[in-house]
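Below, each chain spelled out in residue letters.
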Amino acid sequence: MADAHAVPHHDYHLVNPSPWPLVSSIAVVIMMVGAVVWMKGLATADAGPVAGALLAKGDKALFFAGLAGVLVSMFGWWSDVIKESRQGDHTPVVSIGLRYGMILFITSEVMFFAAFFWIFFEMAVFNEARAHIPEVGAWADTARAWTAANGDSIWPPKGVETLDPWQLPLLNTLILLLSGTTVTWAHHALQMGDRKGAKLGLLITVLLGVLFTSVQAYEYNHIIHEHLFFSDAAANSGLYGSIFFMATGFHGFHVLIGTIFLAVCLLRLYAGQMTPQKHFGFEAAAWYWHFVDVVWLFLFAFVYVVFG
């Protein structure tokens, strides 16, 4: 009888059973439900001792429990993939599949942001149609939000105070553009066998990613505390704030993920891993980071400058 566990005589990698897809899915669901509970709540405080304690608005426990599960899943899954790579499971054929997978993933992310741009352009370009909606029923507030005092349509909706694109948004644009050059420097240095240059370039990139996130957090804090999108006069124009925070916020989330991705690569470099011939983890992180850079250029151009 043939040995069921014999060494395979092919270039493909059959992945061992892993708990991480299921664990991470459950953790993400818990985190997202926890975010809703934190912001909106799913039960009142008098719904019972359990529901009132865990599902009342403002409770953060469920969110952070889910976040902890996501972080554990990321660490475990990433560790397993790195072990597979170091054991030689990522053959040239498998590496081609990994590249195709990363390309398809980034393509799906392009479609993700295309949806946000679509609704933003629909609101910004066709705001005149909203201004002339008959003021009846639920549409009355929408029509008033897009109508100026003289009866003309306006964008952004009246009462919304937009940000100056040539201050914090421009600063973040320069930060990301610089980070794109440093990650390219690091990648080229690794290809040339210059590990010291690769470490320095990647370290600067990670620090720039942290700086971008910090500036965006400061910007959001300014918007909220100054009531730029949520003044009494802007009470009927919530769509602008919603699409602004969804588009720029999800991009900020991608920057955070990309920063973690690059930080893992940096740790691997310091651990003596990755070679000029074999470093797809770093290459994939660089592709992802350049994608994040390009998306921000479109956000800066259209959300902050052209239609801001």
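If you're wondering where the values come from, they're calculated on a predicted model, not measured in any experiment.

Engineer: Any details on the overall build of the protein chain? Residues and values, ideally.
Structural biologist: From N to C terminus, the protein chain includes 10 helices and 0 strands. Along the protein chain, helices and strands appear, N-terminal first, in the series α-α-α-α-α-α-α-α-α-α. Taken across its 308 residues, the protein chain has 38% of its residues classed as buried. Element-wise, carbon and sulfur atoms account for 70% of the exposed surface of the protein chain, whose accessible area totals about 17,400 Å².

Engineer: Before we move on, can you summarise the packing of helix α7 (residues 168-191) against helix α10 (residues 280-306) with the specific residues and values?
Structural biologist: Interhelical geometry of α7 versus α10 gives an angle of 160° and a closest axis separation of 10 Å. When the axis of α7 is compared with that of α10, the two are roughly antiparallel. The way α7 lies across α10 gives a crossing that is left-handed. Considering only residue class, the contact of α7 with α10 consists of 15 nonpolar, 7 polar and 2 charged.

Engineer: Provide a residue-level description of the nonpolar core, including the pertinent values.
Structural biologist: Counting 54 residues, the largest nonpolar core has Leu202, Phe244, Leu262 and Phe282 as its most contacted members. For this core, the element with the highest residue contribution is α10, accounting for 15 residues. Among all residues touching phenylalanine 282, those that are not within four sequence positions of it are Val183, Ala186, His187, Leu190, Leu202, Leu262, Cys265 and Met274. Listed in part, the 5 residues of the second largest apolar core include Met31, Ala35, Phe63 and Val70.

Engineer: Kindly report on helix α3 (residues 61-86), identifying the contributing residues and their values.
Structural biologist: Since one α-helical turn is 3.6 residues long, residues separated by three or four positions face the same way. A rise of 1.5 Å per residue sets the reference length of α3, with its 26 residues, at 38 Å; its end C-alpha atoms lie 38 Å apart and thus fit the reference within 8%. Every buried residue of α3 is listed here: Phe63, Gly66, Gly69, Val70, Ser73, Gly76, Ile82, Glu84 and Ser85. Backbone geometry just downstream of α3 places glycine 88 in the positive-phi region, at approximately 90°.

Conventions and cut-offs
- Residues numbered from 1 in each chain as written.
- Predicted model: local features only at pLDDT ≥ 70, side-chain atom pairs only at ≥ 80, totals over all residues.
- Heavy atoms only, no water.
- Helix = DSSP H or I, 4+ residues; strand = E, 2+ residues; numbered from the N terminus.
- Buried < 20%, exposed > 50% of the residue type's maximum accessible area, 1.4 Å probe, protein only.
- Areas by Shrake-Rupley, 256 points an atom, 1.4 Å probe, with all protein chains shown as cover.
- Axes fitted to C-alpha atoms, helices over the stretch in contact; angles between N-to-C directions.
- Parallel < 35°, antiparallel > 145°, perpendicular 65-115°, else oblique.
- Left-handed = near helix turned anticlockwise from the far one by under 90°.
- Nonpolar A, V, L, I, M, F, W, Y, C, P; charged D, E, K, R; others polar.
- Core = buried A, V, L, I, M, F, W, Y, C linked by side-chain atoms within 4.5 Å.
- Contact = heavy atoms within 4.5 Å.
- Expected span 1.5 Å × (residues − 1).

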